[in-house]
Amino acid sequence: MREAEERFEIFTAFRSGMGKFFSMNALPSQMKHRHSTISHRIADSMRPFFPEEMEIDVDADGADVLVWNSGGYALALFWSSSYLSADGRRKAIAFHEKHSPALTLAFSLFPEREQMLVYRIEKGFIEYLHIEKDTFEEKVLRRCTIDEGKKDGGQLLLPIRRKRGRKIT
C-alpha cells in the first residue's frame, strides 16, 4: 500500500473513532476525569475502526494513544482538553521525528466548543485543521513545514478580532 493511501486510511479510522467518541458523550464538559481515563475512552472508540492485527495502547512510549503492529507505529495521538502547549506540540513533533509513525496527530478537544483543533504531523510538514465534532467537516487553517512550525513555536497564529468596547458617556 502506498504511504499516502495508508495515511488516508489511518486518518479516516481516527475520524470514525473520534466520531464514535463524541457520539457516546465520552467527553465530559467539565473534564474532571484523569488524562489517562479519557485516553482509554479514545482508544476504545477507535478500536473497531482499525484492523484486528493492530494493537492500541494508552500512555505508551510517550504518546497518549498509540496504534501499532509488528511493522511499526501507524498512529500516535497526543491530546489536550484546551490548546496544546508549546511543550505538547514539541513532544508530538519529537515523537514523530524519532519513531516515524505513518501519522502523528496532536489535538485539542475543547469540551465547550463544537470543533476541535488538530495538528496533523506527516512526513516533513504540519497541517492545522479545525474539525467539526458533529459532522467531522474539516477546514485547513494552515500548512507549513515542520521547521517553520518549530520557528513560531508550533503555535497557530490567527488574527483575532477585538471587540469594540461600548463608549461610556
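Residues numbered from 1 in each chain as written. Predicted model: local features only at pLDDT ≥ 70, side-chain atom pairs only at ≥ 80, totals over all residues. Heavy atoms only, no water.

Draft legend 1. Here's a closer look at the overall build of the protein chain. From N to C terminus, the protein chain includes four helices and seven strands. Its helices and strands taken in sequence order, the protein chain reads α-α-β-β-β-α-β-β-β-β-α from the N to the C terminus. When burial is assessed residue by residue, the protein chain has 43% of its 169 residues classed as buried. By element, 48% of the accessible surface of the protein chain is carried by carbon and sulfur atoms, the whole surface being about 10200 Å². (Helix = DSSP H or I, 4+ residues; strand = E, 2+ residues; numbered from the N terminus. Buried < 20%, exposed > 50% of the residue type's maximum accessible area, 1.4 Å probe, protein only. Areas by Shrake-Rupley, 256 points an atom, 1.4 Å probe, with all protein chains shown as cover.)

Draft legend 2. Molecular detail of helix α1 (residues 3–23). Its 21 residues give α1 an end-to-end C-alpha distance of 30 Å, which sits within 8% of 30 Å, the value for a rise of 1.5 Å per residue. Buried residues along α1 sit against α2 (35–46), β3 (72–80), β4 (103–108), β5 (115–122), β6 (125–132) and β7 (138–145). (Expected span 1.5 Å × (residues − 1). Contact = heavy atoms within 4.5 Å.)

Draft legend 3. Summary view of helix α3 (residues 86–99). Between the first and last C-alpha of α3 there are 20 Å, a value that for 14 residues agrees with the 20 Å anticipated at 1.5 Å per step. Of all the positions in α3, only G88, R89, A92, I93, F95 and H96 are classed as buried. Buried residues along α3 cover an arc of 155 degrees about the axis, so they all sit on one side. With respect to the buried face of α3, the exposed residues turned more than 90 degrees away are D87 and K98. Of the residues trailing α3, S100 is marked for its positive phi of about 50 degrees. (Arc of directions from axis to C-beta.)

Draft legend 4. Expanded view of the nonpolar core. The biggest cluster of nonpolar side chains holds 31 residues, and the ones touching the most others in it are F14, M18, I42, L75, F107 and M116. Looking at this core, the elements that each hand over two or more residues are α1, α2, β1 (55–60), β2 (63–69), β3, β4, β5 and β6. In terms of residue count, the dominant contributor to this core is α1 (seven residues). Ignoring sequence-local partners within four residues, the contact set of F107 consists of F14, M18, I42, L77, F78, W79, S80, L84, M116, L117, V118 and Y119. By size, the runner-up hydrophobic cluster in this structure holds 18 residues, among which are A106, F110, I121 and Y128. (Core = buried A, V, L, I, M, F, W, Y, C linked by side-chain atoms within 4.5 Å.)

Draft legend 5. Expanded view of the packing of aromatic side chains. By the definition in use, this model includes eight aromatic pairs. Between F78 and F95, the aromatic rings sit 5.6 Å apart at their centres with planes inclined by 70 degrees, giving edge-to-face as the arrangement. Within this pair, whereas F78 is found in strand β3, its partner F95 is found in helix α3, the two being separated by 17 residues in sequence. You can call F78 buried: its relative accessible area is 4%. With a relative accessible area of 6%, F95 lands in the buried category. Arranged with centres 5.2 Å apart and planes meeting at 70 degrees, the rings of Y119 and Y128 form a pair that is edge-to-face. Joined through ring pairs, the aromatic side chains of F11, F14 and F107 make up one cluster. Across the ring face of F11, the terminal group of R120 is positioned such that the distance to the ring centre comes to 4.3 Å. Positioned above the aromatic ring of F125 is the side chain of R143, whose terminal nitrogen or guanidinium carbon lies 3.7 Å from the ring centre. (Phe/Tyr/Trp six-rings, centres within 6.5 Å; stacked < 30°, edge-to-face > 60°. Lys NZ or Arg CZ within 6 Å of the ring centre and 35° of its normal.)

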